[in-house]
Amino acid sequence: FFESSPSRVLFFFKMGNVEMSLLEPEKPGADDTNQRLFLWVKEAINMPIGRLSTVSITISKRSQVNPKNVELCTIQSVRHEKHTKNFVFDQESPLDLGHMYPEDVLDFSVYECKKRLTWTRNLLGTAEWRVRNLVHRPSAKMTLNGSDDLLLLGKDRELSFLEVAPCMDNFPQRWPRPSPEPDESYPHHIMLITRGTRGDIQPFVALAEGLANILGWKVTICSEMRYKDKIKKAAKPVTSGRIQFRPSGGDTSKKIESTVSKMAMNSKSDTMQALMLSRSEVEFFGCEPAVFYWAKTMRPDVMIYGFTVASVAMVCSEALSIPAIGFILQPTVLHSVEYDPVVRLNHSKTSVGRKLRNAKTSHHGLNSLKMLMENFPLGTNLRKMRSAHSLPRIPGGVSIDLLAADDGSPVLVPINEDAFGGRPADWPETAEFTDFIFQADQSVTGLEPLYADFIRQARDAGRPLVLMAFSSMPVPTENILSTACLIAELARPDPAVIAMLGAREPEPISSALQRRVDQLKANGQLLEGRAAPFNLLLPEMDCNIIHGGLGTTAEALRAGKPILVTGTLLMDQRFWGAQMCNLRVGPGCCHIDEFDKYAVPWVTEALRPDNEWLVNAQEMSRKMGTLDGVELNARAMERVLQTATPFNLERAKSKRTELQTQSKIIEQKPKRRSMKPMRTWRHPHHGRERSESRDSQVIRENLENHLNMAAGPEPAPPEAADPGEVTRS
């Protein structure tokens, strides 16, 4: 029975969360670190099963040499603690897991075993731990990933744990000995709560480094298990404070790789964008029990939350009376009459169509849609979360983030105010800009030889350099490489293109495209890259084509080169694409499906010496300076911490009533700026020509001149035909 595991295979098919590993094995160190490991399995805590069931655990190993799971052993619980959901493993001797490196990954699969007609077992959850982290302490309590990649919950919505410990009598001599948890005091204990893609996590990691190194605070980052290694790596160089990790559950990277998510994210529909933005918090409601558990057990001085977990943070703040501060990377979700939360790509020809689109993409329309999604009766919703902690219901007609703003919850926006276009006049007083925050890896001092050699060869051949990078956005490899080939073949003056494909799985491309790619690689005009430090790579380019994410856009602005924005244009990526046009450092933004129409003339203009985009980009780079923004954001957080208070619904409702009374007297100001991308020619979806500014006319005339030069001289007019001769074309 224990040799075969059909239920586990079925679990893979249903959930799909174990197939996509959260931790990847690293390159092993010295050969002498390959040591034999002995492990005690102590207890399975708060398991969501009946008393007549037992628990079995299967331990597997993955290494860089063999990335597939290799089953090592299986152990079954022998007794159940009375009046609890805990199961004890009484071992006469520790488990011999064989030889392994500290960089290997151990996978623990926990099953419920019960006997009806026959013995059956169902997979409850899994845990993945790197060996060096597992043996870092004398004992390790690991959470378990259950259905939908969320953490497994037992009785009273409490987390389930599996406790294991390395055998100290036979501990590997070449490994550092486990050390107990340090008992140290810090001026403040801060809990950072964030979930999302890599771009959503990096600013929080940089902020944690600043709070720990500069202010000497203890920082707990509650995020997805996929980013544990990155957070642990950031914690190593900390000298004065401390950074630790706690899992929130979930796996956003896996979710956006699903077929349905890719279809939604690649949609150009403004309605789809509004729907995704309205569900941007609902998708993360499942992590509330984990966040609440860590906040209740650790009792931090303040919780700092991101945009995707704002409602979860407000619930925990009110239930536990812990102050909350927003660290918002998507400022267009803050209500203002100066911009819409969704920048529209498709423009209606009729007044009725424009009114319908405004109703969907305005703050008022989004607020109504957001309330509908957050209180939908099926699944986890905001009302259920609040009732689980005996909190009053949110009144109808208003969302919790609006109430948080009315309650005076401080919000820091880590964005350069000049890059955003100025502070909106109707923002709440508690919302303020700081500056872009960058996480620089001090251990990386230069580019890899792969990139350095390609750049040097392109410079020697007199070719300008163009970068295409879309981060974790689901842009197909076929689209990236076909556009890169188009630019390398037709743009002038014969650029060399670096196409960053990211850490995605290899995707097949057509044979015709493969031949073009091979030819351009042989000519030194194309390079396929996976990952590189953007703070070192982007300044080496002459033009940067990016997806419009906040982190990449900030790096591109600091590089001081023309910026073209394309890709899936998801949520705030549209705003930043339009803002690059408003700052006149690029032509605007365009969806990846239409980018081939504009790629060649846009890149040709961007590579023209002393073009307007280059001059403005260099000026913007000079204004931003070279600081990483870490200390500035850390000091700002220290300042607003003095005024932060726990969220209180009743106080927020009374303040909102007072503000609504005042707003009836004060006339609402008109919109100050338009977030529509400035086009240098007629938009294919437009019904009529738009008026052009003087700068737009200059850009269009320059592009027309370049296109005319590429097409060659105009042909001579045909000779006049004989009037008596009738011709027909």
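Scroll up a little and you will see the structure.
Residues numbered from 1 in each chain as written. Predicted model: local features only at pLDDT ≥ 70, side-chain atom pairs only at ≥ 80, totals over all residues. Heavy atoms only, no water.

*Asks:* Just to check I follow, could you spell out the packing of helix 19 (residues 550–559) against helix 22 (residues 612–624) for this structure?
*Replies:* Packed helices, taken two at a time, are described by the angle their axes make and the gap between the axes. Two elements in contact, helix 19 and helix 22, have axes separated by 6 Å at closest approach and are oriented at 105°. In terms of axis orientation, helix 19 runs roughly perpendicular to helix 22. Of the residues in helix 22, those touching helix 19 at Ala-554, Leu-557, Arg-558 and Ala-559 are Ala-617, Met-620, Ser-621 and Met-624. Of the residues contributing to the contact of helix 19 with helix 22, the split by class is six nonpolar, one polar and one charged. (Axes fitted to C-alpha atoms, helices over the stretch in contact; angles between N-to-C directions. Helix = DSSP H or I, 4+ residues; strand = E, 2+ residues; numbered from the N terminus. Parallel < 35°, antiparallel > 145°, perpendicular 65-115°, else oblique. Contact = heavy atoms within 4.5 Å. Nonpolar A, V, L, I, M, F, W, Y, C, P; charged D, E, K, R; others polar.)

*Asks:* How do you make sense of helix 3 (residues 198–213) when you look at a structure like this?
*Replies:* In an α-helix there are 3.6 residues to a turn, and that puts residues three or four apart on one side. Between the first and last C-alpha of helix 3 there are 22 Å, a value that for 16 residues agrees with the 22 Å anticipated at 1.5 Å per step. Summarising burial for helix 3: twelve of the 16 residues are buried, a large majority. (Expected span 1.5 Å × (residues − 1). Buried < 20%, exposed > 50% of the residue type's maximum accessible area, 1.4 Å probe, protein only.)

*Asks:* Please explain the pattern of salt bridges as it appears in this structure.
*Replies:* Pairs can form between side chains of opposite charge once their charged atoms are near each other. Applying the stated criterion to the full structure yields 28 salt bridges. Residue Asp-149 pairs with Lys-254 through a salt bridge whose shortest N-O separation is 3.7 Å. Separated by 105 residues along the polypeptide, Asp-149 in the loop between strand 9 (140–143) and strand 10 (161–166) and Lys-254 in helix 5 (residues 252–256) bring together distant segments of the chain. Comparing Asp-149 with Lys-254, the two get one shared label, buried. With a shortest N-O distance of 2.4 Å, Arg-242 and Glu-181 are connected by a salt bridge. Taken together, the residues Arg-242 in strand 13 (residues 242–247) and Glu-181 in the loop between strand 10 and strand 11 (189–193) connect sequence positions 61 residues apart. For Arg-242, a relative accessible area of 14% translates into the label buried. (Salt bridge = Lys/Arg side-chain N within 4 Å of Asp/Glu carboxyl O.)

*Asks:* In this structure, what is going on with the sheet that holds strand 22 (residues 563–567)? I would like to understand it.
*Replies:* Hydrogen bonds between backbone groups are what pair the strands of a sheet, and the pairing can be parallel or antiparallel. If you trace the six strands from one edge of the open sheet to the other, you get 20-19-18-21-22-23, paired in parallel fashion. Of all strands in the sheet, those bounded by a partner on one side alone are strand 20 (526–529) and strand 23 (589–591). Across this sheet, the average inter-strand angle for adjacent strands is 20°, counted without regard to direction. Sheet analysis places strand 22 next to strand 23, joined by three bridges and oriented parallel. For Val-565, the partnering residue across the bridge sits in strand 23 and is Cys-589. Where helix 16 (residues 477–490) meets the sheet, its contacts fall on strand 18 (465–469), strand 19 (496–500), strand 20 and strand 21 (543–546), and the angle it forms with strand 19 comes to roughly 170°. (Pairing = 2+ DSSP bridges.)

*Asks:* Would you mind showing me how to read the nonpolar core here?
*Replies:* Core analysis: the biggest nonpolar cluster contains 131 residues, and Leu-211, Ile-304, Phe-436 and Ile-498 have the highest contact counts within it. Of all the elements, helix 3 adds the most residues to this core, at eight residues. In this structure Phe-436 touches Pro-414, Ile-415, Asn-416, Ala-419, Leu-550, Ala-554, Leu-557, Trp-576, Met-624, Asp-628, Gly-629 and Asn-633, once residues within four positions along its chain are discounted. Met-468, Met-473, Ala-488 and Ile-545 belong to the second-largest nonpolar core, a separate cluster that totals 39 residues. (Core = buried A, V, L, I, M, F, W, Y, C linked by side-chain atoms within 4.5 Å.)

*Asks:* When you look at the pairing of strand 21 in this model, what are you seeing that I'm missing?
*Replies:* For a regular strand, side chains alternate in direction, first toward one face of the sheet and then toward the other. Here strand 21 shows no split at all, with Cys-543 and Ile-545 on one side and Asn-544 and Ile-546 on the other all buried. The pairing of strand 21 with strand 22 spans three bridges and is parallel. Paired with Ile-546 across the bridge in strand 22 is Val-565. Tracing the backbone out of strand 21, into helix 19 and back to the parallel element strand 22 gives a crossover that is right-handed. (Right-handed = clockwise from strand over helix to strand, strands pointing away.)

*Asks:* In this structure, what is going on with helix 8 (residues 288–298)? I would like to understand it.
*Replies:* The buried count for helix 8 comes to nine of eleven residues, which makes it a mostly enclosed element. Regarding helix 8, the residues found buried are Glu-288, Pro-289, Ala-290, Val-291, Phe-292, Tyr-293, Trp-294, Ala-295 and Met-298. Just past helix 8, the residue Arg-299 takes up positive phi, approximately 50°.

*Asks:* Help me out: how do you make sense of the sheet that holds strand 14 (residues 302–305) in this one?
*Replies:* Read from one edge to the other, the open sheet built from seven strands follows the order 13-12-11-14-15-16-17, with strand pairing classed as parallel. Every other strand in the sheet has two partners, leaving strand 13 and strand 17 (431–433) as the edge strands with one partner each. Ignoring strand direction, the axes of neighbouring strands in this sheet form an average angle of 20°. In terms of strand pairing, strand 11 meets strand 14 through four bridges, oriented parallel. Among the inter-strand pairings, Leu-192 is bridged to a residue of strand 14, identified as Ile-304. Packed onto the sheet, helix 9 (residues 310–320) meets strand 14 and strand 15 (324–327) and runs at close to 170° relative to strand 14.

*Asks:* Would you take a moment to explain the side chain of Ser-280 for this structure?
*Replies:* Tracing the backbone through its elements, the reader meets Ser-280 in the loop between helix 7 (270–278) and helix 8. Residue class for Ser-280 comes out buried when judged on its relative accessible area of 8%. Polar side-chain contacts of Ser-280 include one of 2.6 Å to the backbone oxygen of Leu-277. Setting aside residues up to four positions removed in sequence, Ser-280 forms contacts with Phe-307, Thr-308 and Met-571. (Polar contact = N/O pair within 3.5 Å; in protein donor to acceptor, adjacent residues only side chain to side chain.)

*Asks:* Is there a simple way to explain the packing of helix 16 against helix 21 (residues 595–606) in this structure?
*Replies:* The N-to-C vectors of helix 16 and helix 21 enclose an angle of 35°; their axes lie 9 Å apart at closest approach. Helix 16 and helix 21 meet at a crossing whose hand is right-handed. In contact with Thr-483, Leu-486, Ile-487 and Leu-490 of helix 16, helix 21 contributes Phe-595, Asp-596, Ala-599, Val-600 and Val-603. Residues of the contact of helix 16 with helix 21, tallied by class, amount to seven nonpolar, one polar and one charged. (Left-handed = near helix turned anticlockwise from the far one by under 90°.)

Remember, this is a structural readout, not a statement about activity or role.
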